[in-house]
Amino acid sequence: QVQLVESGGGLVQPGGSLRLSCAASGFTFSRYAMSWYRQAPGKERELVAVITSAGGSTNYADSVKGRFTISRDNAKNTVYLQMNSLKLEDTAVYYCKVAILGHYYWGQGTQVTVSS
């Protein structure tokens with residue numbers, strides 16, 4: 001079965017950095033685009049970044065452009081989100097997602113808290 005497991009979240013000061021990882025299993029990872037989403041308290045889940053199956057193309061929400069970088073290692077079945085220059089408003093639970101044949105699969109999420 002499809003499984004996505006996020007890790008790497010934590011508490012960081014404004015201006016700091018974190019790298020999130022999402023380990024995938026149960027499907028042919030290299031065939032599918034992968035996405036990172038986030039959901040802050042009281043807000044809807046929003047798309048943060050997307051990467052194509054081979055990693056040749058990426059797209060970002062305007063709020064994170066120039067600060068976050070999505071990447072993937074198809075040999076390790078893992079997608080990453082490097083987050084730099086973190087702001088208070090980046091505080092959220094971060095999820096990775098894959099869409100396979102019209103079905104959406106989500107990980108359990110990892111908490112990122114930006115606080116001084």
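The text that follows walks through the structure, step by step, so that each part is easy to find.

About the criteria used
Residues numbered from 1 in each chain as written. Predicted model: local features only at pLDDT ≥ 70, side-chain atom pairs only at ≥ 80, totals over all residues. Heavy atoms only, no water. Phe/Tyr/Trp six-rings, centres within 6.5 Å; stacked < 30°, edge-to-face > 60°. Buried < 20%, exposed > 50% of the residue type's maximum accessible area, 1.4 Å probe, protein only. Helix = DSSP H or I, 4+ residues; strand = E, 2+ residues; numbered from the N terminus. Lys NZ or Arg CZ within 6 Å of the ring centre and 35° of its normal. Contact = heavy atoms within 4.5 Å.

### Some remarks on the packing of aromatic side chains
Next up, step 1: Scanning all chains against the criterion turns up four aromatic pairs.
Next up, step 2: On the basis of an interplanar angle of 70 degrees and a centroid distance of 5.9 Å, the ring pair of Phe-27 and Tyr-32 is categorised as edge-to-face.
Next up, step 3: Overall, Phe-27 belongs to the buried group, its relative accessible area being 14%.
Next up, step 4: Here Tyr-37 and Trp-106 contribute two aromatic rings whose centre-to-centre distance is 4.9 Å and whose plane-to-plane angle is 70 degrees, an arrangement assigned as edge-to-face. Of the two residues, Tyr-37 sits in strand S4 (residues 34-39) while Trp-106 sits in strand S10 (residues 103-106), which places them 69 residues apart along the sequence.
Next up, step 5: Its guanidinium or amino end placed over the ring of Trp-106, Arg-45 lies 4.5 Å from that ring's centre, counting from NZ or CZ.
Next up, step 6: Across from the ring centre of Tyr-104, 4.2 Å away, lies the NZ or CZ of Lys-97, which sits over that ring.

### Some points on the environment of Phe-27
Next up, step 1: Counting through the fold element by element, Phe-27 comes out in the loop between strand S3 (18-25) and S4.
Next up, step 2: Considering only alpha carbons, one finds Phe-27 and Val-98, 71 residues apart in sequence, at a separation of 10.0 Å.
Next up, step 3: For Phe-27, the contacting residues outside a window of four places in its chain are Val-2, Leu-4, Tyr-32, Met-34, Val-98 and Ile-100.

### Side note on the environment of Gly-9
Next up, step 1: Secondary-structure assignment places Gly-9 in the loop between strand S1 (3-7) and strand S2 (10-12).
Next up, step 2: Here Gly-9 falls in the partly exposed class, since its relative accessible area comes to 33%.
Next up, step 3: Along the backbone, Gly-9 and Gly-109 are 100 residues apart, and their C-alpha atoms lie at a distance of 9.0 Å.
Next up, step 4: In contact with Gly-9, not counting residues within four places along its chain, are Leu-18, Leu-20, Thr-110, Gln-111 and Val-112.

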